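Given next are the chains, with one letter for each unit.
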Amino acid sequence: MQAANSISTPVPVAWYPTLAVAMVAVGLMLTASFFIYEATSSRKSHSLAKEITTGALASVFLGFGSLFVLLGSGVYV
Amino acid sequence: MPPSRPTPIVLLLLFALTAVSSSPLPPEDGIRVVSAEKRIDLTGPIVKVFLTLKVENAPGASDASQVLLAFTPTEVEHLAILKATRAEGKRKKKAYVPLSVEASDLAATPNGARLYSVLLSTPLKPGEKTTIEVLYVLTHTLEPFPAEIGQSESQLVYFRDSAVLLSPYHCLEQVTYIKMPSNRIESFTRVDPTSRAGTELKYGIYSNQMPNTYLPILVHYENNRPFAVVEELARKVEISHWGNVQITEQYKLKHGGARHKGVFSRLEYQSRPSMSGMSSFKNLLARLPPRVHSVYYRDEIGNISSSHLRTDSHKSELEIEPRYPLFGGWHCTFTIGYGLPLQDFVFESDDGRRYINLTFGCPLLDTVVDDLTIKVVLPEGSKNPQPSVPFETEQHIEMSYSYLDVVGRTTVVLKKKNVVGEHNVPFQVHYEFNPIFMLAEPMMLISAVFLFFVACIAYLHMDLSIRKSL
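How each quantity is defined
Residues numbered from 1 in each chain as written. Chains lettered and ligands numbered in written order. Predicted model: local features only at pLDDT ≥ 70, side-chain atom pairs only at ≥ 80, totals over all residues. Heavy atoms only, no water. Helix = DSSP H or I, 4+ residues; strand = E, 2+ residues; numbered from the N terminus. Buried < 20%, exposed > 50% of the residue type's maximum accessible area, 1.4 Å probe, protein only. Contact = heavy atoms within 4.5 Å. Areas by Shrake-Rupley, 256 points an atom, 1.4 Å probe, with all protein chains shown as cover. Polar contact = N/O pair within 3.5 Å; in protein donor to acceptor, adjacent residues only side chain to side chain. 1 Å grid on protein atoms, 1.4 Å probe; cavity = no way out; pocket = protein on both sides within 12 Å on 5 of 7 lines; lining within 4 Å. Points joined across faces, edges and corners; volume = space filled by probe spheres on them. Nonpolar A, V, L, I, M, F, W, Y, C, P; charged D, E, K, R; others polar. Pairing = 2+ DSSP bridges. Core = buried A, V, L, I, M, F, W, Y, C linked by side-chain atoms within 4.5 Å. Axes fitted to C-alpha atoms, helices over the stretch in contact; angles between N-to-C directions. Patch = residues over 30% accessible without salt bridge, like charges linked within 9 Å, V, L, I, M, F, W, Y side chains within 5 Å. Salt bridge = Lys/Arg side-chain N within 4 Å of Asp/Glu carboxyl O.

Right, let's talk about the overall build of chain B for a bit. Within chain B, the regular secondary structure consists of four helices and 30 strands. Projected onto its principal axes, the C-alpha positions of chain B cover 120 × 65 × 45 Å. The buried share among the 470 residues of chain B stands at 48%. Across chain B, the fraction of contacts at a sequence separation of at least 24, relative to all contacts at a separation of at least 6, is 74%. Working note: accessible area of chain B is about 23,400 Å², and carbon and sulfur atoms make up 55% of it.

Right, here's the structure in full:
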């Protein structure tokens, strides 16, 4: 006789739309800060470390945000 | 294709064979059928037969471990399902134990009759009696006659069977009841004693029949029930561990009754519904699991809005109405799709593997499926898929590609022919899945976006000017 433990999703399904909006918003704000840093500081004083960290953080948030956008709109990938 | 009818000459040969020959009897030659009751249900497009056999093992014979059932070659060709149960225990503790039935290759029987053996759970001792209940379903055996009818005519069909049970054993007492859907019976063969009471025909009680006797009868009656036949059904079940099981079904539906001849007058059909289109059908009911969402019903032209979905806590019912009513020989093709919550269907078993629990068969009620294909698409990164279906199916594994896939999704394909409502039983597909693979999808998206940022940084750090900037 098999145990009937149903599999649950890592994140509750009801949170998908909210998480999508929140994560994409944070991701876009970080993207904006990345480009503002690029635009305001002069070419010589660009710090590669700062650029990469901002870029990485922004891509993490945008990546998860777009995943939740896909899941929330019914494309269960 | 009309089923073959034993001609009188062949019948004579049959009688001669049983009277004269010493045809090799099955090993359980001590078994006799004390009484047999056959109830044939002809109220739908398929033939359902309920057979109650009381068998006795003669004193002095060996233990019997199986009981044989005989079918004619045409019956075997159209046999969709054959189930047997046996009542065990005394009055209050009666439990029906299902018995396994196998096709048997035993001794040659007259006229090519095929034998199926019902394996008893406990052998039948000499002198013991037991009752076995058998259910079998035959599809495409009702022959419409006349083969072509007009719009306002009723559909009449032929049913061919034997008045006497075809059995490799002696039969002491037997009776056959045939139930019709309506009072109109054009003709039926009389094999005394035969009687008719309203919608039911009774052939019996016949006593002391020799083994392998067959007395063909022909019943011509009216059957206006919808003869819905699904020629091909392709069901695709996509599992996503993010919370959804998506099922897409593609149907090729046909009206399998008497072909429609002449014109179709929409005016006559709609103004006089009781006199026109009696053999046609215009809606079908599909039974879906509860908590279904995003149900759609469309065909190649587009969405079909004539449908109703009624849900409650135990089931959902989808009533679909194709774009036109279906008369004999008409086809229609459509797709039904719906989504189901993951926690109702996918579970984790004791040994750590996951499995999905689905219902085999077609959700449309009262239909016969000629060719059924079920594809279960497991999430990316699943290993060792193992289906477990309670009856025989053709199985193979292939790869499907879908959204955000790198290596492809393992797909289990199950195929079966001649599927009826009795096949709608649960089946499972077990597979191994490591939850870390779920991160592969967001990682892919993150790395795509990060690549864009790296490209921006690289562009901004490159100096593409021809002259040195001051």
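Okay, back to it.
What follows is about the environment of His220(B). All names here are of chain B. Relative to the helices and strands, His220 resides in strand β15 (residues 216-222). Filtering out sequence-adjacent residues up to four positions away, His220 remains in contact with Phe145, Leu156, Val157, Tyr158, Ile185, Glu186 and Ser187. Engagement of the side chain of His220 in a polar contact is seen with the backbone oxygen of Phe145, the distance being 2.8 Å.

By the definition in use, this model includes two cavities of 30 Å³ or more. What the largest cavity holds in volume is close to 140 Å³. Every residue lining the largest cavity is counted, 18 residues in all, and those nearest its centre are Lys38(B), Ala70(B), Tyr136(B), Leu165(B) and Leu166(B). When residues of the lining of the largest cavity are traced back to their parent elements, those giving at least two are β2 (47-57), β3 (64-71) and β10 (156-162) of chain B. Sort the elements by how many residues they give to the lining of the largest cavity and β3(B) lands first, with four residues. Taken together, the residues of the lining of the largest cavity break down into 12 nonpolar, three polar and three charged. In this structure, the second largest cavity occupies an estimated 100 Å³ of space. What lines the second largest cavity is Val77(A), Ile239(B), Ser240(B), His241(B), Trp242(B), Pro379(B), Glu380(B), Arg409(B), Phe433(B), Phe437(B), Met438(B) and Glu441(B).

Pairing within the open sheet is antiparallel, and its five strands lie in the order β1(A)-β24(B)-β25(B)-β30(B)-β27(B). Each edge of the open sheet carries a strand with a single partner, namely β1 (5-6) of chain A together with β27 (383-388) of chain B. For β27(B) and strand β30 (residues 426-432) of chain B, the ladder comprises four bridges, and the chain directions are antiparallel. By the bridge assignment, Ser388(B) is partnered in β30(B) with Gln428(B).

Moving on: the environment of Arg323(B). All names here are of chain B. Mapping Arg323 onto the fold places it in the loop between β22 (316-320) and β23 (331-341). According to the relative accessible area criterion, Arg323 is partly exposed, its value standing at 39%. With near-sequence residues (within four places) excluded, Arg323 lies in contact with Asp299, Ile301, Gly302, Asn303 and Ile304. In this structure the side chain of Arg323 is engaged in a polar contact, spanning 3.0 Å, whose partner is the side chain of Asp299. Engagement of the side chain of Arg323 in a polar contact is seen with the backbone oxygen of Asn303, the distance being 3.5 Å.

So, about the nonpolar core. Residue and element names in this part refer to chain B. If you look at the biggest cluster of nonpolar residues, it comprises 59 residues, and the most contacted ones within it are Val245, Leu253, Ile356 and Val376. In this view, Ile356 contacts Val237, Ile239, Val245, Phe345, Val346, Val376, Phe427, Gln428 and Val429; residues no more than four positions away in its chain are not counted. In terms of nonpolar packing, the next biggest core, distinct from the first, is built from 53 residues, Leu115, Val164, Tyr214 and Ile217 among them.

A separate point is the sheet that holds strand β19 (residues 284-288) of chain B. In sheet architecture, strand pairing relies on hydrogen bonds along the backbone and comes in two forms, parallel and antiparallel. Residues and elements named next belong to chain B. What the three strands build is an open sheet, ordered β19-β22-β21; its pairing is antiparallel. A single partner strand is all that each edge strand has here, and the edge strands are β19 and β21 (307-311). Across the sheet, the mean angle from the axis of one strand to that of its neighbour is 15 degrees, orientation sign disregarded.

Residue and element names in this part refer to chain B. The computed volume of the largest pocket comes to approximately 870 Å³. Those elements giving two or more residues to the lining of the largest pocket turn out to be α2 (73-77), β4 (79-88), β5 (95-104) and β29 (409-419). Of the residues in the lining of the largest pocket, the class split is 14 nonpolar, five polar and 10 charged.

Here we come to the interface of chain B and chain A. The interface of chain B with chain A comprises 34 residues on the first partner and 34 residues on the second. The tally of links between chain B and chain A comes to five residue pairs in polar contact (both at pLDDT 80 or more). Counting only elements with at least two residues in the side of chain B that touches chain A, the list comes to β24 (346-348), β25 (354-359) and α4 (440-461) of chain B. The element contributing the most residues to the side of chain B that touches chain A is α4(B), with 12 residues. Its residues placed into classes, the side of chain B that touches chain A shows 20 nonpolar, eight polar and six charged. Sheet analysis places β1(A) next to β24(B), joined by two bridges and oriented antiparallel. By the bridge assignment for β24(B), Ser6(A) is matched with Phe347(B).

Residues and elements named next belong to chain B. On the surface, Ile436, Phe437, Leu439 and Met443 cluster together into a nonpolar patch covering about 370 Å² of accessible area. Here Phe437 shows up in the loop between β30 and α4. You can call Phe437 partly exposed: its relative accessible area is 35%.

Let us look at the pairing of strand β14 (residues 200-209) of chain B. All names here are of chain B. Two strands pair when backbone bridges link them, and strand β11 (residues 171-179) and β14 are joined in this way by eight bridges, in the antiparallel orientation. When the sheet's bridge partners are listed, Glu173 is paired in β14 with Ser207. Alignment of strand β13 (residues 194-197) against β14, held across four bridges, turns out to be antiparallel. Following the sheet pairing, Ala197 is matched in β14 by Glu200. Between the antiparallel neighbours β13 and β14 lie two residues, among them Gly198 with a positive phi of about 65 degrees.

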